[in-house]
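# What the coordinates show
Now for the letters of each chain:
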Amino acid sequence: MSDQNNRMPEDLQVVSDKVIDLLVDTTFKKHGVNPQETQVDEETRSQLRELVEDLQKSVKSLQEHNNGDN
Amino acid sequence: MAKKQYFASAPGAYNNAHTNQRARAPKRFNALDPKSCHSFDEDTQQANQSIKTTQQSFESIVVKDSCDVEVTTTNTQAAVNVQIGLQAAIALIISISVADSDRAEEITQDLYEKIKTTQVNHQQTYIENSRGVQVTTTDTDIAVNAQILLQVLLAIVARLNIL
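Residues numbered from 1 in each chain as written. Chains lettered and ligands numbered in written order. Predicted model: local features only at pLDDT ≥ 70, side-chain atom pairs only at ≥ 80, totals over all residues. Heavy atoms only, no water.

The name that an unreviewed UniProt entry assigns to chain B is Spore coat protein X, with the source organism given as Alkalibacillus haloalkaliphilus.

As recorded in an unreviewed UniProt entry, chain A goes by Spore coat protein and comes from Alkalibacillus haloalkaliphilus.

Encoded structure:
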């Protein structure tokens, strides 16, 4: 087992990104959400930023852990 | 030599011809009987299993009436935790961004439903009446799932101008 098993090939990654962008866009549109209208205060914003960064790290370590096991 | 053997066995085969159906029915393989031989010509797996399992059971391994079975599996708990964290974050960010809580819930459900239908992949391993089987499962799929959820999360925060 190699890294390839845990990482999408580049062309598939591009498709996946597009699909997800489309999914989020259409879902927002369907429910009439205008992203520009969103008002989030600075404190919440920084908390959310931290949360997203932590989750990014978790996913990365999960992938590295899998690579290490295989 | 080989020819002789062929002729020697031929009458036996002929004698059994009238009980053809019984002779053809393969003797059931018994893993616990050392003399019993497994035939790989026969169907070894049922591929068409309906995907009905819920998200709770990511991996199930059943070993029945078998011996010398080696199962190596990775712990999926870490991956499940990351996945739950990502789902919670998606729900949280949407609920913060969309004032109407019912609508926020609907959006989150909509997203999850679509993600689920495109990526559900459960592992079920059923070993019955087998001998000397080695099974190795990994949580590659769930790591990919986590990656997809992360992509969704990043796409949402990018649009909602949060970061």
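## Here we look at the overall build of chain A
Within chain A one finds 2 helices and 0 strands. Residues classed as buried in chain A amount to 34% of the 70 residues present. Surface summary for chain A: the accessible area is close to 4,800 Å², and the carbon and sulfur share equals 48%. (Helix = DSSP H or I, 4+ residues; strand = E, 2+ residues; numbered from the N terminus. Buried < 20%, exposed > 50% of the residue type's maximum accessible area, 1.4 Å probe, protein only. Areas by Shrake-Rupley, 256 points an atom, 1.4 Å probe, with all protein chains shown as cover.)

## Thoughts on the nonpolar core
Counting 36 residues, the largest nonpolar core has B:L86, B:I90, B:I93 and B:I156 as its most contacted members. Mapped by element, the contributors of at least two residues to this core are α1 (10-30) and α2 (42-69) of chain A together with α3 (77-97), α4 (101-119) and α5 (140-159) of chain B. Look past the residues within four positions of B:L86 in its chain and what remains in contact with it is A:L55, A:V59, B:A146, B:L149, B:L150 and B:L153. (Core = buried A, V, L, I, M, F, W, Y, C linked by side-chain atoms within 4.5 Å. Contact = heavy atoms within 4.5 Å.)

## Focus: α3(B)
When the terminal C-alpha atoms of α3(B) are compared, their 30 Å separation across 21 residues agrees well with the 30 Å that a helix rising 1.5 Å per residue should span. Residues of α3(B) that are buried: B:A79, B:V80, B:V82, B:Q83, B:L86, B:Q87, B:A89, B:I90, B:I93, B:I94 and B:S97. (Expected span 1.5 Å × (residues − 1).)

## Observations concerning the confidence of the model for chain B
Residue and element names in this part refer to chain B. In this model, chain B carries an average pLDDT of 70, and 61% of its residues clear a pLDDT of 70 or more. The element-level mean pLDDT for chain B is lowest in helix α1 (residues 2-15), coming to 42, with strand β4 (residues 131-137) highest at 86. pLDDT under 50 marks residues 43-57. Its contacts with residues more than four places away, or in other chains, come to 12 contacts. At the level of chain-chain contacts, confidence expressed as ipTM amounts to 0.80, with global pTM at 0.57. (pLDDT = per-residue confidence, 0-100.)

## Describing unusual backbone geometry
Residues and elements named next belong to chain B. Positive phi, normally seen in glycine, also occurs at D68, with a value near 55°. In this structure, D68 sits in strand β2 (residues 67-73). Even without glycine at this site, N129 takes up a positive phi of about 55°. Along the chain, N129 turns up in the loop between β3 (123-128) and β4. A residue is classified by how much of its surface remains accessible, and N129, at 11% relative accessible area, is buried.

## Things to note about the interface of chain A and chain B
Taken residue by residue, the interface counts 36 residues in chain A and 40 residues in chain B. Taken over both partners, the interface formed by chain A and chain B buries close to 3,500 Å², and the fraction arising from carbon and sulfur atoms is 69%. Across the chain A-chain B interface, the total number found is 3 salt bridges. A:D21 is the partner of B:R159 in a salt bridge, and the nearest nitrogen-oxygen pair spans 3.4 Å. (Buried area = accessible area lost by both parts, 1.4 Å probe. Salt bridge = Lys/Arg side-chain N within 4 Å of Asp/Glu carboxyl O.)

## A short note on the environment of B:L111
In this structure, B:L111 sits in helix α4. Using a relative accessible area of 0% as the deciding quantity, one classes B:L111 as buried. Other than its neighbours up to four places away in sequence, B:L111 contacts A:L23, A:V24, A:T27, B:I90, B:I94 and B:I156.

## Thoughts on α1(A)
All names here are of chain A. End to end, α1 covers 30 Å across 21 residues, agreeing with the expected 30 Å (1.5 Å per residue, within 8%). Buried within α1 are the following residues: Q13, S16, I20, L23, V24, T27 and F28. Seen from one end, α1 has its buried residues packed into an arc of 120°, which puts them on one side. Turned more than 90 degrees from where α1 packs its buried face, D11, K18, L22, K29 and K30 sit exposed. The first or second residue beyond α1 is G32, which carries a positive phi of 65°. (Arc of directions from axis to C-beta.)

## Looking at the pattern of salt bridges
Inspection of the entire model under this criterion finds 6 salt bridges over all chains. When the shortest N-O distance is used, the salt bridge between B:D110 and A:K30 registers 2.7 Å. Of this pair, B:D110 sits in helix α4 while A:K30 is found in helix α1, placing the two residues in two different chains. By relative accessible area, B:D110 is classed as buried at 12%. Between B:K64 and B:E128 there is a salt bridge, with the nearest N and O atoms lying 4.0 Å from each other.

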